[in-house]
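Close look at the chain arrangement
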Amino acid sequence: MLTTTADDARGRLRDIYADAHEQTLHPNLLGWPGRPDEAELDFLSRVVYDRPGKGVEASAYLVKELAQLAEIERHVSAVFGIITAQLGADDSPLSAGYDLHHALNLFAAEEYLHSDFFYRYVRELAGKDVKLADSLFMERLALYQGDDSPYVKLAAMCMSAYIGESVITVFEKRTAHLDPGQKHFLTRLLWAHGMDEARHVQVDHVVLEHVIPSLTDAERERAYELFRGTEELDRELANRFQDLVRELFGLDHQPGNRAWQIQQQLTGAFRAALAESWPPVPVDEHIDAATRALLVEFSGSDHVHA
């Protein structure tokens, strides 16, 4: 059963993007500082390892995770291009007017800018180019090039993206908690990213609450098949970036890395919100008391999204 009507969903999409032009930041306005100085490295170490003195290892971790995220955000943009093209032939109530098309187009444009944010930042952290020869982009894109409904593709893509968006939101809150005055560039970068990401999460919630419950049983199974395929390729992408970062930095960032350990816990908890209930629910409606306590201790907040 639908939890919202098509008119409700379209109205929510319209509201989500009503002030987007005032709540965003172009990459050129970030004031890129170049290689991090000692104070910045010390902050990165505290964010990742909860103690100073591990700035190089923290940089390696951030290069791996944010380069990987840049690739995933590029993929989201390309898939949304496919979906919006298909909506031209769709006459369902949700795609009436311009609300859905507008929201997905702006979502995609913002993801391309995020990819630019993070690829530029990891180059500054590493002090050299960070290029993965084969990011499996064509394989990841091919999953969405079949004749499935645009809503099946939208469901699968948003479920996959939502997990990472929820994790990076927790890290944005962590940096803000440790650096409320935004003295450090990483805090400002994640804040700028988070202005757009908050809208993306709201779009995901519309998909969770309206689009996914409207799918037939066959469409639901196909959406989860695409979701699982995306997750599998993203895991291989992560392995490839891990190998690249070990080569670039000559070290393994995982031992003693508290941020990485918590990232793994949160990823599992957020995935469960999508896999263990029907229809899937927003992560804040699913996490247990132990995970909520972990959020408070790590990020200073007992919730993921507002």
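It should be noted that the structure appears before, not after, this text.
The residue count restarts for each chain, going from 1 along the sequence in the order it is written. Owing to the predicted nature of the model, reporting of local features is limited to residues with pLDDT of at least 70; listing and counting of side-chain atom pairs is limited to 80 or more, with chain, interface and lining totals taken over all residues. The side-chain numbers reported here are obtained from all heavy atoms of the structure, hydrogens and water having been left aside.

Before going further, it helps to examine helix α1 (residues 6–16). Relative accessibility decides the category of a residue: with a 1.4 Å probe and only protein chains considered, values under 20% of the type maximum give buried, values over 50% give exposed, and everything between is partly exposed. Going along the chain from the N terminus, every DSSP run of H or I of four or more residues is numbered as a helix, and every run of E of two or more is numbered as a strand. Those residues of α1 not exposed but buried are A6, A9, R10, G11, L13 and I16. Residues of α1 that are buried make contact with α4 (99–126) and α7 (185–211). Any two residues having at least one pair of non-hydrogen atoms within 4.5 Å are treated as being in contact.

What follows deals with the environment of G127. Here G127 lies in the loop between α4 and α5 (137–142). Using a relative accessible area of 44% as the deciding quantity, one classes G127 as partly exposed.

Ranked by internal contacts, the top residues of the largest apolar core, which has 99 residues, are L44, L62, F80, Y121, L154 and F270. Those residues in contact with F80 that lie beyond four places of it in its chain are L104, F107, A108, L154, M157 and C158. Note on terminology: a nonpolar core comprises buried Ala, Val, Leu, Ile, Met, Phe, Trp, Tyr and Cys residues joined through side-chain atoms within 4.5 Å.

A few words now on the side chain of H205. Tracing the backbone shows H205 in helix α7. Non-local contacts of H205, meaning those with residues more than four positions away in its chain, are made with R12, Y162, P282 and H305.

On to unusual backbone geometry. Here the amide bond leading from W278 into P279 is cis, since omega sits at -5°, within 30 degrees of zero. On the secondary structure map, P279 appears in the loop between α9 (258–275) and α10 (289–299). Residue L136 is not a glycine yet carries a positive backbone phi of 60°. Note on placement: L136 falls in the loop between α4 and α5. Looking at L136, the relative accessible area reads 6%, which means it is buried. Phi at Q182 is positive, roughly 50°, even though this residue is not glycine. Following the sequence through the fold, Q182 ends up in the loop between α6 (150–178) and α7.

Any two rings among Phe, Tyr and Trp, with Trp reduced to its six-membered ring, count as a pair given centres within 6.5 Å; such a pair is stacked if its planes are under 30 degrees apart, edge-to-face if over 60, and tilted if neither. Counting across every chain of the model gives six aromatic pairs. Centroid distance F171 to F298: 5.3 Å. Interplanar angle 70°. Geometry classified as edge-to-face. One end of the pair, F171, is in helix α6; the other, F298, is in helix α10, and 127 residues separate them in sequence. Exposure remark for F171: the relative accessible area of 8% places this residue in the buried category. An aromatic cluster is present here, built from W32, Y121 and F185 joined pairwise through their rings. Comment: the charge-over-ring label is applied if NZ (Lys) or CZ (Arg) is within 6 Å of the ring centre and within 35 degrees of the ring normal. Seen from the ring of Y49, K54 lies directly overhead, with NZ or CZ sitting 5.2 Å from the centre. Here R220 stacks its cationic end above the ring of W278, 3.9 Å away from the centre of that ring.

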